[in-house]
Amino acid sequence: MSIRIGFMSNTSDSQLRFIQQMGVTDVVTSLRAEERGDVWGFEPMLRLRKKVEDAGLTLSVFEGIPVPDRAKLGLPGRDEDIDNYCESLRNMGRAGIPVVCYNWMVAFGWLRTSTTTPVRGGAVATTYDHEEMQRGPLTEHGEVGEDLLWKALEYFLKAVVPVAEESGVKLAMHPCDPPLSPIRGIGRIMTSPENFQRLIDLVPSPNNGLTFCQGCFTEMGVDIAATIHDFGKQGKIFFSHFRNLNGTAAKFTEQFHDDGQQDMYVAMKAYYDAGVEGAIRPDHAPTMEGDDNSHPGYAPQGRLLAVGYMRGLMEAIEKAGGA
Ligand SMILES: [Mn+2]
């Protein structure tokens, strides 16, 4: 076993064929908005897995199920949210979907100041500029401290991790993107390797781990290979996002996978050397000629180029005897 390339998909018939044509094996997806409820149902999840399998592919990761801000902030009503979350996880397990990617970002998710920054050849990519973003107003939540977020996370994990264990579902925490705190008054805690270690140690369990979003860890300015080794050897990387960029958390621009500051051969080799298993998908890629920019980072051609590049790196590593 080793890592396998996954692809984020809406699971349309056309996309599932596209995924097969790339030689990709794994699908990363979620339920459609109209299929979601307070509790995510067993039947739509089961049918989704069957649809992916009937196309000859494996549904390996759900990117969802979102944790409501009420639970992330420890507000009244969170017990109801947590009960619903637990029941959704049970249904995921019953439907045979093994990994859920979630995050602890409040008010803002994935946050950028531009989605139209020119990169190589006039392709467009996303940029984050903290100085610009901080000029914006506070959100409806006002000032939110990191301590409060840690306490609410611990409360959540103590309730949810045992259910994840019973259900055979792995909880894969995605970093805050960008990994900065605070942003317009909102604290962010999933922002450093030390804080991910704290997450893992809060409620130790084989089902409590992370989504190694290489882009976010690059934004943090850490040694990517050493960080993959550290969490990979602990068996805590359940899912990975492969991404490149130039800059730091406070100011960066996403780049083509072969055109950013990170040595992607070194990164890919680290997943092999650390014995990481599970899906690794191309994360955001620039929008190329012929594609529209309605879903920045997720247009097909940039991700197609990324998959070809990833396959080449993997073949090179495997032929050189790397794991
Ligand atoms: Mn990511």
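All of these numbers come straight from a predicted model, not from anything done at the bench. (Residues numbered from 1 in each chain as written. Predicted model: local features only at pLDDT ≥ 70, side-chain atom pairs only at ≥ 80, totals over all residues. Heavy atoms only, no water.)

A. Representation of the pattern of salt bridges. For the coordinates displayed, the defined rule picks out 21 salt bridges. The partner of E80 in a salt bridge is R70, and the shortest N-O contact between them spans 4.0 Å. Here E80, found in helix α4 (residues 78-95), pairs with R70, found in helix α3 (residues 69-72); they are 10 residues apart in sequence, far enough to count as distant. Overall, E80 belongs to the partly exposed group, its relative accessible area being 48%. For the salt bridge of D177 with R243, the shortest nitrogen-to-oxygen distance reads 3.2 Å. Highlighted residues: D177 in the loop between β7 (170-174) and α7 (193-202) and R243 in the loop between β9 (237-242) and β10 (244-248), separated in sequence by 66 residues. You'll find D177 and R243 in the same group, each marked buried. Sharing partners across several salt bridges, the network here consists of E63, R112, D177, E219, R243, E254, R281 and D283. (Salt bridge = Lys/Arg side-chain N within 4 Å of Asp/Glu carboxyl O. Helix = DSSP H or I, 4+ residues; strand = E, 2+ residues; numbered from the N terminus. Buried < 20%, exposed > 50% of the residue type's maximum accessible area, 1.4 Å probe, protein only.)

B. Broad picture of the sheet that holds strand β4 (residues 99-103). Sheet architecture is closed into a barrel: eight strands sit in the order β1-β2-β3-β4-β7-β8-β9-β12, paired in parallel fashion. Across the sheet, the mean angle separating the axes of adjacent strands is 30° when strand polarity is ignored. Relative to β9, strand β8 (residues 208-213) runs parallel, the two being bridged by four bridges. Counted as the bridge partner of L210 is I237 from β9. In the packing of α7 onto the sheet, contacts are made with β4, β7 and β8, and the angle to β8 comes to roughly 155°. (Pairing = 2+ DSSP bridges. Axes fitted to C-alpha atoms, helices over the stretch in contact; angles between N-to-C directions. Contact = heavy atoms within 4.5 Å.)

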